[in-house]
Amino acid sequence: MSTGIMLKGMTRLVSRVHKLDPGRFSHLGTQAPQCPVAHLDNQVPTERTRAISRTLENDPAKHGEQHVGQHYNISIQELKTVFPHGLPPRFVMQVKTFNEACLMVRKPALELLHYLKNTNFAHPAVRYVLYGEKGTGKTLSLCHIIHFCAKQDWLILHIPDAHLWVKNCRDLLQSTYNKQRFDQPLEASIWLKNFKTANERFLSQIKVQDKYVWNKRESTEKGSPLAEVVEQGIMRVRNATDAVGIVLKELKRQSSLGVFRLLVAVDGVNALWGRTTLKREDKSPITPEELALIYNLRKMVKNDWQGGAIVLTVSQTGSLFKPRKAYLPQELLGKEGFDTLDPFIPILVSNYNPKEFEGCIQYYLENNWLQHEKAHTEEGKKELLFLSNRNPGLLERLCAYL
Amino acid sequence: MAAPSLPAWLALQTRARTLRAFSTAVSPVTGAPRLSPPTTERTSKHERAPRRKALPPRTEKMSVDQDWPSVYPVAAPFKPSAVPLPVRMGYPVKRGVPMAKEGNLELLKIPNFLHLTPVAIKKHCEALKDFCTEWPAALDSDEKCEKHFPIEIDTADYISSGPSIRNPKARVVTLRVKLSSLNLDDHAKKKLIKLVGDRYCKSTDVLTIKTDRCPLKRQNYDYAMYLLTVLYHESWKTEEWEKKKTEADMEEYVWKDSASEKNILETLFQIKAAEKNTELSKEELLSTKEVEDYKNSVVSLKNEGDNENTISQYKESVKRLLHLM
């Protein structure tokens, strides 16, 4: 239902886009403060509204308290390299519709940025856990952090949704490396492809420090670049899971040496300690440890390495066997998860505060997303506030109908 | 079965024929002639005694200061003519109000306590006073009662008029005692709580033992006291297999030797190694204030669950520990 309306909204906007002159788009790209020439709804975005909803500061490193509630732009090329996977699907649709990617600067992300800027890379990696109710913006905050780290030239190890690795897996092979574990070739190869896109420049620099034998004919020598391992995993799908394991091991080992800085970002980390819906041939359930991908990932989120940071989110969406209202870290992680992640810094991501809400509405109004005639009036805003309770996800879905 | 019904049917036929003839001859006022039931006595409107008019309900004759316990001396169903209150009960249909009390089945269905007004209860108490002894003057507060008489026994006696004075419900004995008044150490208390299970209420700290397995009240009382004695003595003993108690059996979170302690020690050791500090021993690390804070926050987080307070406390302690502020 909502996708149908979303499409309708998109076609409506696309038709309007054709009517506008192309000057408008370059104007958006450069963010020059000029009023557009042709405007359909008699709503001229004034300097004031632009100041509320947008900021010219596109480098996350320079974001500060004054930018809370404002959107900053990420160029489309950067989007393709930094986020080949990992953006929430609705956000991807929004990017396609508006033809620009704008993320809102929010307090939890700023807090995390502050910690990351002050990390001591000689100390063990600190774990940060973003938690919050459904739709409050945990994944997008994580993306903000990833963008910052990418700009600062860190190596990004981003697992977009760990829940995808514990459910709905068609082909489970017995692992070649360890007979007790299971491989997931499909998920592993998809992830390797995206990992390659995100971190091209590092893959040739980092050299593996061990010899890895894939099968009788192929092996990777010591000292060859990591790109070879990744290629091997993408080519030979059977070895993809082992390739992922090797990549994780090497990165962990080498980031401690200080060659590069590593950011481990996992969305939905509570999947690592929950239950899976996967079964063996004899229908007995598989625990997460028996999946090679999960086993290796668990080693990654422990803080026994230096030279980077670990940012995690716990989410109920997509989680298995957890009640809908659960959002607190201990509920979602369970005893095992909490004991493994302890000590970590929990960061709450809450609904919009009034300033952020105002900024979001202004952003939608500027992009002509809200077509209802009452949308820009005070009563309209109050109605939206009441209906969505300032929840970002709900607000986005509501505005899609308008 | 067929044989007796046949003459009845024949009788019905003949009777009906005579009745029809009679009624059409006598009174056109009666309306459509109805088939009366095949009984021996037939009453027509003429032969019945004239019905006297309904009297006004008793409520109109009641004065405001009347003696209510004499109207309802025992538990009786609700009599709308005897209760002078304008009570309404029922679901109001559209544009309506709840039904009035006359002929209201809902008011009859529910239990009423019209026989237990405060005045009536006072009268009961006055009557019962002759059978009671005086309350001891020294026990004038709840704490004193608890101090001197920690065990409370509840029994019920039942009186009814009938062929037998026995009532099987009278054998139930409930024993209530607060665990704080028993001399138990930490291990004994935990063991006792595990042994009794559901019979212990955590919020009021009361152990309730309800016995009804013996036929006499006295026997049940003895059994309840025996149970209490046995529980007390058993909980003080420590068995061999109790040493195998695992973390899953623990009632509350104990920080010592837990995974959290291990984690934090490892982390701190690594930090110290990175800063090339002198080797600090485990005890020294554990006794620093930050670690104490962290320990308290983890214990409260695990025992009380997640809420804003505990989480923010935990966050602050971790930040201080890892020097992030």
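Computed from a predicted structure; not experimentally measured.

(A) Structural detail: the pattern of salt bridges. As enumerated under the stated definition, the model contains 36 salt bridges over all chains in all. Between Glu336 of chain A and Arg298 of chain A there is a salt bridge, with the nearest N and O atoms lying 3.6 Å from each other. With Glu336 of chain A in helix 13 (residues 329–341) and Arg298 of chain A in helix 12 (residues 292–300), this pair connects stretches of sequence that are 38 residues apart. Note on Glu336 of chain A: relative accessible area 44%, which makes it partly exposed. A salt bridge links Asp339 of chain A to Lys302 of chain B; the nearest nitrogen and oxygen atoms lie 3.1 Å apart. Of this pair, Asp339 of chain A sits in helix 13 while Lys302 of chain B sits in helix 10 (residues 289–304), each in a different chain. Residue Lys302 of chain B is classed as buried on the basis of its relative accessible area, which comes to 17%. Through salt bridges that share partners, Arg54, Glu100 and Glu366 of chain A make up one connected network.

(B) Local environment of the interface of chain B and chain A. At the junction of the two partners, chain B supplies 25 residues and chain A supplies 24 residues. Carbon and sulfur atoms make up 57% of the area that chain B and chain A hide from each other, which totals about 2200 Å². Put simply, Glu111 of chain A and Lys315 of chain B hold a salt bridge, and the shortest N to O gap is 2.9 Å. For the side of chain B that touches chain A, the secondary structure elements donating two or more residues are helix 8 (259–274), helix 10 and helix 11 (308–321) of chain B.

(C) Highlighting the packing of aromatic side chains. Residues and elements named next belong to chain A. Tallied over the entire structure, the rule returns 14 aromatic pairs over all chains. Residues Tyr115 and Tyr128 carry aromatic rings whose centres are separated by 5.8 Å and whose planes lie at 10° to one another, so their mutual orientation is stacked. Residue Tyr115 is located in helix 6 (residues 107–117), and its partner Tyr128 is located in strand 3 (residues 126–131); the two are separated by 13 residues in the primary sequence. By the burial criterion, Tyr115 is buried, and Tyr128 matches it. Sitting over the face of the ring of Tyr295, Arg181 holds its NZ or CZ atom 3.7 Å from the ring centroid. The ring of Phe321 carries Arg275 above its face, with NZ or CZ at 3.7 Å from the centroid.

(D) Here's a closer look at helix 10 of chain B. Residue and element names in this part refer to chain B. With 16 residues, helix 10 extends 22 Å from end C-alpha to end C-alpha; this agrees with the ideal 22 Å at 1.5 Å per step. Within the span of helix 10, buried status applies to Val291, Tyr294, Ser297, Val298, Ser300, Leu301 and Lys302. Backbone geometry just downstream of helix 10 places Gly305 in the positive-phi region, at approximately 85°.

(E) Layout of the nonpolar core. Among the nonpolar cores identified, the biggest contains 111 residues, and Tyr128, Leu157, Leu251, Leu262, Leu263 and Val266 of chain A are the most heavily contacted of them. In terms of nonpolar packing, the next biggest core, distinct from the first, is built from 18 residues, Tyr352, Cys360, Trp369 and Leu398 of chain A among them.

(F) Structural view of the confidence of the model for chain B. All names here are of chain B. Per-residue confidence for chain B gives a mean pLDDT of 81, with 82% of residues at or over 70. Overall, residues 26–33 carries pLDDT values under 50, and its contacts beyond four positions in sequence, including any with other chains, amount to one contact. Overall fold confidence for the complex sits at a pTM of 0.69, while the interface term, ipTM, reaches 0.75.

(G) Structural context of the sheet that holds strand 3 of chain A. Residue and element names in this part refer to chain A. Spatially, 4-9-10-3-11 is the arrangement adopted by the five strands of the open sheet, whose pairing is parallel. Whereas interior strands pair on both sides, the edge strands pair on one side only; in this sheet they are strand 4 (155–159) and strand 11 (344–348). Neighbour-to-neighbour, the strand axes of the sheet open up by a mean angle of 15°, direction not taken into account. Where strand 9 (residues 262–267) meets strand 10 (residues 308–313), six bridges bridge the pair, whose relative direction is parallel. Opposite Ala265, over in strand 10, you have Val311 as the bridge partner. The strands touched by helix 7 (residues 138–151) within the sheet are strand 3, strand 4, strand 9 and strand 10, with strand 9 carrying the most contacts at an inclination of about 165°.

Cut-offs and rules
- Residues numbered from 1 in each chain as written.
- Chains lettered and ligands numbered in written order.
- Predicted model: local features only at pLDDT ≥ 70, side-chain atom pairs only at ≥ 80, totals over all residues.
- Heavy atoms only, no water.
- Salt bridge = Lys/Arg side-chain N within 4 Å of Asp/Glu carboxyl O.
- Helix = DSSP H or I, 4+ residues; strand = E, 2+ residues; numbered from the N terminus.
- Buried < 20%, exposed > 50% of the residue type's maximum accessible area, 1.4 Å probe, protein only.
- Contact = heavy atoms within 4.5 Å.
- Buried area = accessible area lost by both parts, 1.4 Å probe.
- Phe/Tyr/Trp six-rings, centres within 6.5 Å; stacked < 30°, edge-to-face > 60°.
- Lys NZ or Arg CZ within 6 Å of the ring centre and 35° of its normal.
- Expected span 1.5 Å × (residues − 1).
- Core = buried A, V, L, I, M, F, W, Y, C linked by side-chain atoms within 4.5 Å.
- pLDDT = per-residue confidence, 0-100.
- Pairing = 2+ DSSP bridges.
- Axes fitted to C-alpha atoms, helices over the stretch in contact; angles between N-to-C directions.

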